[in-house]
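Residue-level listing of the chains:
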Amino acid sequence: MSIAQLLFYVMSFIVVASALFVASTKNLVRSIFMFFITLFALAGLYVLALADFVAITQIVIYVGGILVLILFAFMLSGKETLNVLQQQKSKFINLSKLPAILLGLLFFVVMVNVICKIDADNLVWVKQVINSNNQIRPNDEMINNIGVNLMTRYLLPFEAISILLLMALIGAAHLARKEGKA
């Protein structure tokens, strides 16, 4: 087993374990911080797959932006809302969760079926990036195209999303503000 395979298994375990913890815990603070670990480990998997641009984008956008927005929304939310959420006790499996469980199981079956039937070594795009030594070589043209398209064709949607996230943060701050204080 090579060091790359070992790192892949370790990072995959961290991603799956922390994501399961995020989904199963009732403590919101621990869930947010484990989500932070999940996103960083996912960025590590992107680095192992030689997708450096996607890894940096994962860290900057998801960890740096969206996770911070979630933390601000949590911190600015009223204590009354959090107390109501913690007082609601429900069983692990009840009738209202049945559609979600069935949909999750169906998705899992489809995903396992796709993984079992795919022949990844004979895909055209995989053959294009693997050299004679079975090592993946990065392609610089792809990163250049992403940068050009992001700063030309997709600049308006990119800026619109940033304004939308800013408005959501301002809205959360306004809703969390006490009416007696101005």
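Residues numbered from 1 in each chain as written. Predicted model: local features only at pLDDT ≥ 70, side-chain atom pairs only at ≥ 80, totals over all residues. Heavy atoms only, no water.

This part covers the overall build of the chain. For the chain, the count of helices and strands is 8 helices and 0 strands. Going from the N terminus to the C terminus, the chain shows its helices and strands as α-α-α-α-α-α-α-α. Counting the 182 residues in the chain, one finds 9% classified as buried. Taking as baseline every contact in the chain between residues at least 6 positions apart, the subset at least 24 positions apart corresponds to 47%. Accessible surface for the chain amounts to roughly 14700 Å². Of this, 71% is attributable to carbon and sulfur atoms. (Helix = DSSP H or I, 4+ residues; strand = E, 2+ residues; numbered from the N terminus. Buried < 20%, exposed > 50% of the residue type's maximum accessible area, 1.4 Å probe, protein only. Contact = heavy atoms within 4.5 Å. Areas by Shrake-Rupley, 256 points an atom, 1.4 Å probe, with all protein chains shown as cover.)

Attention now goes to the environment of S162. Among the structural elements, S162 can be located in helix 8 (residues 155-176). Considered as a pair, S162 and G65 are 97 residues apart in the sequence and their alpha carbons are 9.4 Å apart.

Attention now moves to the side chain of S18. On the secondary structure map, S18 appears in helix 1 (residues 3-24). With residues up to four places along the chain from it excluded, the contact list for S18 reads M34, I37 and T38.

Attention now goes to helix 2 (residues 28-48). Look at helix 2: 30 Å from first C-alpha to last across 21 residues, which is about the 30 Å you get at 1.5 Å a residue. Those residues of helix 2 that sit buried are S31, I32, T38, L39, A41, A43, G44 and L45. (Expected span 1.5 Å × (residues − 1).)

A few words on the side chain of S31. Positionally, S31 belongs in helix 2. With a relative accessible area of 12%, S31 lands in the buried category. Within polar-contact distance, the side chain of S31 engages the backbone oxygen of V22 at 3.4 Å. Residues contacting S31, with those up to four places away along its chain left out, are V22 and T25. (Polar contact = N/O pair within 3.5 Å; in protein donor to acceptor, adjacent residues only side chain to side chain.)

Our focus in this paragraph is the confidence of the model for the chain. Here the chain averages 76 in pLDDT, and 74% of its residues register 70 or above. Taken element by element, the chain is modelled with least confidence in helix 4 (residues 79-87), mean pLDDT 60, and with most confidence in helix 1, mean pLDDT 90. (pLDDT = per-residue confidence, 0-100.)

Okay, the packing of helix 1 against helix 2 next. Two numbers describe how helix 1 lies on helix 2: the axes approach to 8 Å, and their chain directions differ by 155°. On the basis of their axis angle, the class for helix 1 and helix 2 is roughly antiparallel. Considering only the axes of helix 1 and helix 2, their crossing is left-handed. Note on element contacts: helix 2 touches helix 1 through R30, S31, M34, F35, I37, T38, A41, L42, G44, L45 and L48, opposite A4, L7, F8, M11, S12, I14, V15, S18, A19, F21 and V22. Taken together, the residues that form the contact of helix 1 with helix 2 break down as 16 nonpolar, 5 polar and 1 charged. (Axes fitted to C-alpha atoms, helices over the stretch in contact; angles between N-to-C directions. Parallel < 35°, antiparallel > 145°, perpendicular 65-115°, else oblique. Left-handed = near helix turned anticlockwise from the far one by under 90°. Nonpolar A, V, L, I, M, F, W, Y, C, P; charged D, E, K, R; others polar.)

Moving on, we get to the packing of aromatic side chains. By the definition in use, this model includes 2 aromatic pairs. Ring plane angle 80° and centroid distance 4.9 Å describe the contact between F36 and F40, whose orientation is recorded as edge-to-face. In this pair, F36 and F40 are both assigned in helix 2, 4 residues apart and thus about one turn of the helix distant. The class of F36 is partly exposed, set by a relative accessible area of 33%. (Phe/Tyr/Trp six-rings, centres within 6.5 Å; stacked < 30°, edge-to-face > 60°.)

Relative to the elements of secondary structure, F53 occurs in helix 3 (residues 52-76). Overall, F53 belongs to the partly exposed group, its relative accessible area being 31%. As for F53 and A43, which are separated by 10 residues in sequence, their C-alpha atoms are 9.9 Å apart.

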